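Results of the structural survey
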Amino acid sequence: SQTIHQWPATLVQPVGSPLSLECTVEGTSNPNLYWYRQAAGRGLQLLFYSVGIGQISSEVPQNLSASRPQDRQFILSSKKLLLSDSGFYLCAWGLAGVGETQYFGPGTRLLVL
Amino acid sequence: GENVEQHPSTLSVQEGDSAVIKCTYSDSASNYFPWYKQELGKGPQLIIDIRSNVGEKKDQRIAVTLNKTAKHFSLHITETQPEDSAVYFCAASKGGGATNKLIFGTGTLLAVQP
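Remember, predicted model here, so these are calculated numbers, not experimental data. (Residues numbered from 1 in each chain as written. Chains lettered and ligands numbered in written order. Predicted model: local features only at pLDDT ≥ 70, side-chain atom pairs only at ≥ 80, totals over all residues. Heavy atoms only, no water.)

1. Remarks on the sheet that holds strand S1 (residues 4-7) of chain B
Residue and element names in this part refer to chain B. The condition is simple: Two strands pair if DSSP finds at least two bridges between them. Secondary structure is summarised from DSSP: a helix means a run of H or I of at least four residues, a strand means a run of E of at least two, and numbering begins at the N terminus for each. Between N-to-C directions, angles cover 0 to 180 degrees, with each direction set by a line fitted to C-alpha atoms, over the stretch in contact for helices.
Taken in spatial order, the five strands of this open sheet run S1-S3-S8-S7-S6, and their pairing is antiparallel. Looking at strand neighbours, the two that pair on one side only are S1 and strand S6 (56-59), the edges of this open sheet. Adjacent strand axes in the sheet meet at a mean angle of 15° when their direction is disregarded. Direction of pairing for strand S7 (residues 62-67) relative to strand S8 (residues 72-77): antiparallel, over a ladder of six bridges. Considered in S8, the bridge of Thr-65 is made with Ser-74.

This is the structure:
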């Protein structure tokens, strides 16, 4: 069966510091991968998605970037965090080609102070 | 682009009662409609989904109905239990790959009172 992991689970970072959140998927090959941000427990905002290694599509202009160095690894990064980057970050995967159903990871709660 | 509206934003029911959450979508080309349950501090979990060639789908106490003509779909939970308390999200997609993305509703906070 497939599983999705995210780490860290919780992160407190000062404004201006860098960020790296990691997501890995097990039990499937060539998945579609997604990064979402959720503010205040509601509203899932799609940030990035990827259909393959090195292929990243950005949905909204922002202070963040994403990379996919390996088939089942998706990384969310920032060079300098802003207060507004605080939130709950969710990674999700879906089957390549079909793609509608998405399965979410446990999330990373980021607090920027 | 697609827009999904979800109502109500909060719903409080007594244990054992039924709960209904409704969503409407704008793009008639949408053909896939999942529902997710999110417990506090956790990622959303897929609980049921329906495709546009089906009008209703059931899984134990949970059912989803779809009205393509009116472009709305609903989640029905019967015999609610305290563990059903969570935020529920509906979503819509035109399918066909990652580029046809899931568009989410704004969520419904369901509270089941024991």
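2. Concerning the interface of chain B and chain A
Rules: Working rule for contacts: check all heavy atoms of both residues, and any pair within 4.5 Å makes them a contact. The buried area of a pairing is the accessible area, by a 1.4 Å probe, that goes missing from both parts when the two are put together, added over both. Salt bridges are identified by distance alone: a Lys or Arg side-chain nitrogen within 4 Å of an Asp or Glu carboxyl oxygen. Distance and chemistry together define a polar contact, namely a pair of N or O atoms within 3.5 Å, with one atom able to donate a hydrogen and the other to accept it when in protein, and with adjacent residues in sequence counting only for side-chain atoms on both sides.
At the junction of the two partners, chain B supplies 27 residues and chain A supplies 25 residues. Each partner contributes to the roughly 1800 Å² buried at the junction of chain B and chain A, and carbon and sulfur atoms together form 56% of this total. One can count one salt bridge joining chain B with chain A. When the shortest N-O distance is used, the salt bridge between Lys-101 of chain B and Glu-59 of chain A registers 3.8 Å. The tally of links from chain B across to chain A stands at three residue pairs in polar contact (both at pLDDT 80 or more). Sorting the residues of the side of chain B that touches chain A by element identifies strand S4 (32-38), strand S5 (45-51) and strand S9 (86-92) of chain B as the ones contributing at least two each. The dominant element in the side of chain B that touches chain A, judged by the number of residues it contributes, is S5 of chain B, at four residues.

Everything listed is a geometric property; what it means functionally is a separate question.
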